[in-house]
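Each chain, written out:
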Amino acid sequence: MTTTTRIVELIKDYQNNYITNQKGIYEYLLDGQEKHLNIRAFSPEIAEAAYEQQNGICPKCGKHFKFEEMQADHITPWSKGGKTTPDNCQMLCADCNRRKSNI
């Protein structure tokens, strides 16, 4: 993949709100550190995959929910260095996600 192609993909991610710091795209391309991009939101594809893997069950309360009633959440909090990657995504019901702390 060319650098130009990668820049175009990252700008699309910014436009879709997956990246919140457009200025960090070039720094990221230079050193590979995701902190420059300020990636916080999970893509719909990652959220759907996590939902399917959990069979729609919230790991906090153990109840089944429709996809629309759940929220993608970082297992290791984003504020504590958790990455926005599929292996760090879990789906929580809105109630449990609201009540959880940053641990």
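Residues numbered from 1 in each chain as written. Predicted model: local features only at pLDDT ≥ 70, side-chain atom pairs only at ≥ 80, totals over all residues. Heavy atoms only, no water.

Colleague: Is there a simple way to explain the overall build of the protein in this structure?
Modeller: Across its full length, the protein holds 4 helices and 2 strands. Scanning the protein from its N terminus toward the C terminus, one meets helices and strands in the order α-α-α-β-β-α. Once the C-alpha set of the protein is aligned to its principal axes, its extents read approximately 45 × 25 × 20 Å. Counting across all 103 residues of the protein, residues that qualify as buried make up 31%. For the protein, the proportion of contacts with a sequence separation of at least 24, taken over those separated by at least 6, is 40%. Carbon and sulfur atoms make up 49% of the accessible area of the protein, which amounts to about 7000 Å² in all. (Helix = DSSP H or I, 4+ residues; strand = E, 2+ residues; numbered from the N terminus. Buried < 20%, exposed > 50% of the residue type's maximum accessible area, 1.4 Å probe, protein only. Contact = heavy atoms within 4.5 Å. Areas by Shrake-Rupley, 256 points an atom, 1.4 Å probe, with all protein chains shown as cover.)

Colleague: What is the right way to look at helix α2 (residues 24-31) in this model?
Modeller: Because an α-helix completes one turn every 3.6 residues, residues spaced three or four positions apart along the sequence face the same direction. Here α2 has its buried residues at Gly24, Ile25 and Tyr28. Buried residues along α2 cover an arc of 105 degrees about the axis, so they all sit on one side. Where α2 is buried, its residues contact α1 (3-15). (Arc of directions from axis to C-beta.)

Colleague: In this structure, what is going on with the packing of aromatic side chains? I would like to understand it.
Modeller: Centre distance and the angle of the planes are the two values used to describe a pair of aromatic rings. Applying the stated criterion to the full structure yields 1 aromatic pair. Ring centres 5.4 Å apart and planes at 85 degrees place the aromatic pair Tyr51 and Phe67 in the edge-to-face group. You can see Tyr51 sitting in helix α3 (residues 44-53) and its partner Phe67 sitting in the loop between α3 and β1 (70-74), a full 16 residues away along the chain. Residue classification places Tyr51 among the buried residues on the basis of a relative accessible area of 12%. (Phe/Tyr/Trp six-rings, centres within 6.5 Å; stacked < 30°, edge-to-face > 60°.)

Colleague: In this structure, what is going on with the environment of Phe67? I would like to understand it.
Modeller: Residue classification places Phe67 among the partly exposed residues on the basis of a relative accessible area of 27%. With residues near it in sequence (within four places) discarded, Phe67 still touches Ala47, Glu48, Tyr51 and Met91.

Colleague: It is not clear to me how the pattern of salt bridges should be interpreted in this structure. Could you clarify?
Modeller: Under the criterion given, the structure shown has 4 salt bridges. Between Arg6 and Glu9 there is a salt bridge, with the nearest N and O atoms lying 3.3 Å from each other. One end of the pair, Arg6, and the other, Glu9, are both in helix α1, 3 residues apart, so they sit about a helical turn from each other. A relative accessible area of 32% places Glu9 in the partly exposed class. The residue Asp73 makes a salt bridge to Lys100 at a minimum N-O spacing of 3.3 Å. (Salt bridge = Lys/Arg side-chain N within 4 Å of Asp/Glu carboxyl O.)

Colleague: What exactly am I supposed to notice about the environment of Gln71 here?
Modeller: Structurally, the position occupied by Gln71 is in strand β1. Once the C-alpha coordinates of Gln71 and Lys35 are considered, the two residues, 36 residues apart in sequence, prove to be 23 Å apart. With near-sequence residues (within four places) excluded, Gln71 lies in contact with Gln90, Met91, Leu92, Ala94 and Asn97. A polar contact of 2.6 Å, which involves the side chain of Gln71, links it to the side chain of Asn97. (Polar contact = N/O pair within 3.5 Å; in protein donor to acceptor, adjacent residues only side chain to side chain.)

Colleague: It is not clear to me how the pairing of strand β2 (residues 89-93) should be interpreted in this structure. Could you clarify?
Modeller: Regular strands show a simple pattern: their side chains alternate between the two faces of the sheet. Burial analysis of β2 places 5 of its 5 residues in the buried class, which makes it a mostly covered element. Of the two faces of β2, the one carrying Cys89, Met91 and Cys93 and the one carrying Gln90 and Leu92 are both buried. Bridging between β1 and β2 involves 5 bridges; their strand directions are antiparallel. Bridging from a neighbouring strand, Gln71 pairs with Leu92 of β2. (Pairing = 2+ DSSP bridges.)

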